[in-house]
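Listed below, chain by chain, are the residues.
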Amino acid sequence: MPDSGISAALQFQIQLTAMRIDQWLQEDVFHFRWWFLLGLFSFSIYLWWKLVDKRRLPEVILFMGLTTILTLILDEYGEELSLWDYPIDIFPIFPPMTAIDLASLPMIYSLIYQYFGTWKSFSWATVIMATIFCFVLEPLLMWGDFYQLLKWKYYYGFPIYIAMALLIRWIVITIYTIARKTEEKR
Amino acid sequence: MLLTVSGISAESEIQKLLTSAHIEEWLQQDLFQIKWWLLLGLTIFAFLLWWRLLAKRRLPEVILYAVLIMIVMMGVDEYGEELPLWDYPIDILPIFPVITATNLLILPLAFSLVYQNFSTWISFARITILVAALVSFVIEPGMAWGGYYQLLNWKYYYSFPVYIVVALFIRWTVIKIFGIAERAKKHTG
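Residues numbered from 1 in each chain as written. Chains lettered and ligands numbered in written order. Predicted model: local features only at pLDDT ≥ 70, side-chain atom pairs only at ≥ 80, totals over all residues.

Some details on the overall build of chain B
Each helix and strand counted, chain B has six helices and two strands in total. Overall, chain B shows an N-to-C arrangement of helices and strands of α-α-α-β-α-α-β-α. When its C-alpha atoms are laid out on the principal axes, chain B stretches across 65 × 40 × 30 Å. The buried share of chain B, taken over its 189 residues, is 36%. Long-range pairs, those at least 24 residues apart, make up 73% of the contacts in chain B with a sequence separation of at least 6. (Helix = DSSP H or I, 4+ residues; strand = E, 2+ residues; numbered from the N terminus. Buried ≥ 20, exposed ≤ 12 C-beta atoms within 10 Å, placed from the backbone. Contact = placed C-beta atoms within 7 Å.)

Regarding the overall build of chain A
Broken down by element type, chain A carries six helices and two strands. Secondary structure elements of chain A occur, N-terminal to C-terminal, as α-α-α-β-α-α-β-α. Intrachain contacts of chain A at a sequence separation of at least 6 include 74% that bridge at least 24 residues.

Here we look at the packing of helix H3 (residues 59-82) of chain B against helix H6 (residues 156-188) of chain B
Think of two packed helices as two axes; the pair is described by the angle between the axes and how far apart they sit. All names here are of chain B. It is the contact of H3 with H6, at a shortest axis distance of 10 Å, that shows an interaxial angle of 140°. The angle between H3 and H6 falls in the class oblique. Read as a crossing pair, H3 and H6 show a hand that is right-handed. On H6, the residues that touch Glu61, Leu64, Tyr65, Leu68, Ile69, Val72, Met73 and Val76 of H3 are Val162, Val166, Ile170, Thr173, Val174 and Phe178. For the contact of H3 with H6, a count of residues per class yields 12 nonpolar, one polar and one charged. (Axes fitted to C-alpha atoms, helices over the stretch in contact; angles between N-to-C directions. Parallel < 35°, antiparallel > 145°, perpendicular 65-115°, else oblique. Left-handed = near helix turned anticlockwise from the far one by under 90°. Nonpolar A, V, L, I, M, F, W, Y, C, P; charged D, E, K, R; others polar.)

Observations concerning helix H3 (residues 57-80) of chain A
With 24 residues, H3 of chain A ought to run about 34 Å at 1.5 Å a step, and its terminal C-alpha atoms sit 34 Å apart, in line with that. Positive phi shows up at serine 82 of chain A, right after H3 of chain A, with a value of about 55°. (Expected span 1.5 Å × (residues − 1).)

Focus: the confidence of the model for chain B
Low pLDDT means the predicted atomic positions in that stretch should not be read closely. Residue and element names in this part refer to chain B. Per-residue confidence for chain B averages 84 on the pLDDT scale, and 90% of its residues sit at or above 70. This model gives residues 1-7 a pLDDT under 50, and the stretch forms five contacts once residues within four places in sequence are excluded. Per the prediction output, this complex has pTM 0.85; the corresponding ipTM is 0.84. (pLDDT = per-residue confidence, 0-100.)

Thoughts on the interface of chain A and chain B
Accessible area lost during the coming together of the parts is what is often quoted as the interface size. Opposite the 44 residues of chain A that make contact, chain B presents 46 residues. Every element with two or more residues in the side of chain A that touches chain B is listed here: helix H1 (8-28), H3 and helix H6 (154-185) of chain A. Considering each element in turn, the side of chain A that touches chain B owes the most residues, 15 residues, to H3 of chain A. The residue inventory of the side of chain A that touches chain B, partitioned by class, reads 26 nonpolar, nine polar and nine charged.

Quick look at the packing of H6 of chain A against H3 of chain B
Packing of H6 of chain A against H3 of chain B brings their axes to within 8 Å, and their N-to-C directions diverge by 140°. What the angle tells us is that H6 of chain A and H3 of chain B run oblique. Contacts between H6 of chain A and H3 of chain B involve Ile175, Tyr176, Ile178 and Ala179 of chain A from the former and Leu59, Pro60 and Ile63 of chain B from the latter. For the contact of H6 of chain A with H3 of chain B, the class distribution of residues is seven nonpolar, no polar and no charged.

What to know about the nonpolar core
Residues Tyr65, Val67, Ile69 and Leu107 of chain B are the most contacted members of the largest nonpolar core, which totals 53 residues. For this core, the secondary structure elements donating two or more residues are H3, helix H4 (100-115), helix H5 (119-143) and H6 of chain A together with H3, helix H4 (102-117), helix H5 (121-145) and H6 of chain B. When residues of this core are assigned to their parent elements, the largest contribution, 13 residues, is made by H3 of chain B. Listed in part, the seven residues of the second largest apolar core include Leu39, Ile90, Met143 and Tyr148 of chain B. (Core = buried A, V, L, I, M, F, W, Y, C linked by C-beta atoms within 7 Å.)

Description of helix H2 (residues 34-53) of chain B
Look at H2 of chain B: 28 Å from first C-alpha to last across 20 residues, which is about the 28 Å you get at 1.5 Å a residue. With respect to burial, H2 of chain B is a largely exposed element, only one of its 20 residues being buried.

Here's the deal with the environment of asparagine 153 of chain B
As for its position among the elements, asparagine 153 of chain B is in the loop between strand E2 (150-151) and H6. Asparagine 153 of chain B sits 67 residues away from tryptophan 86 of chain B along the chain, and the two C-alpha atoms are 6.6 Å apart.

Digging into the environment of leucine 59 of chain B
Position of leucine 59 of chain B relative to the elements: it lies in helix H3. On a C-alpha basis, the gap between leucine 59 of chain B and alanine 133 of chain B in space is 26 Å, while along the polypeptide they are 74 residues apart. Here leucine 59 of chain B is in contact with Ile175, Ile178 and Ala179 of chain A together with Leu54 of chain B, once residues within four sequence places are set aside.

Examining the environment of serine 112 of chain B
You can see serine 112 of chain B is positioned in helix H4. In this structure, serine 112 of chain B is in contact with Val62, Tyr65, Ala66 and Ile69 of chain B, ignoring residues within four places of it in sequence.

In C-alpha cells form, the structure reads like this:
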C-alpha cells in the first residue's frame, strides 16, 4: 500500500510527464507538423458538420461518442503498452486525446453509420474503410512521422477496426430498440 | 538511457518503465485483494443500479448525456493522473487506470440520472450542486480514507466547481443537439 507516500509508478509518471512536456515544447509545438495536425482536426470537424444529417444528429453523435470512448481506450492502451506511439502531439498530456486517430475515426465511422442503414451495406463499408485505414492511411501517417509502430503490424488493426464498428452499431441500435419498445408498451 | 536509441525516444523508455511498475504494483498489491474485490463489486453494483433507475423510454438521450460526460471526465481524470494531481492507488486494471476509476464511473452515472429526473435549468442546477458536493466532500474523502484515491496536488474543493461546470455544459450540449435535430426535421417536413 502506498500509505508510505509515493509509489515507484508515481515517480515514473512524474518523470514521463516532464519529459513529454519538454519534448513537446522543443520539437512539436508550432512546428509545421503540429500546425498540420491542428488543421486536419479543424478541417475534419468542419467537413463532418457539413455532411452530418442534422435530423439524425442525436443518434449519429451517440455513435460518435461511443466510438470516441473506445478509440481513446485502445489508443491509451497502445501507448501505455508501447505498441505504437504518436510522435507529434497537439497537446503533450494524455496524447490520445489529440492523436490523429481521434481526428478521423469517430467522424468517419459515424458518417458510415449515417449513410449505410442495413447490416450488410454497413459491414461492406466498414471492411473497405478498415482496409484503407490499415494499408493506406497508417503507412502514410508513419511516413509523415505522425505515427510510429513499436510492437505492432498494420494488419493487426484490421479486425479491430471492423469489430469496433460492428459492436458500436449493435449498441446504438439496441439502445434505440429498447427505447421504442418501452414507448410502445405505455 | 536518456538518449535516443535506434529511433525509440527516452520518452518511450520511461513509458515502458512506468507501465511495468504499474503492472508489478498491481499484481503485488491490488489484484484479488479485498479492496480490489470491493472496488469491482461497487462498480458492478453502481452500474446495475443505474440501469434499474434509467427511464428506458428516454434511453438514447440519457445515454448520450452519460457518454459525453464520460468523455470529458476521462480527459480530466487522465490529465490529473499524468500531471499528477491525484492518483488511484487501487486499480481494477493496471493499464489506463482511469477507465476503471470509481469516481469516473460514479460521475456519468449520477449526473445522467440527474439529467433524466430534473428537466428545468433551475432544478437541474440545484441538484447538480448537491451531487457535486456529495461527490467532492463525502465520496472522494471516503475513497481517500479507504485507500482508493490519493490527492497529490489537489484539494477536494477544486473538484466541486469542475463537476458543476461539466454537468451544466453537457446539459447545454445535449439540449442543443436535440434542438438542432428538431429544427432540421421541421425544415424538411
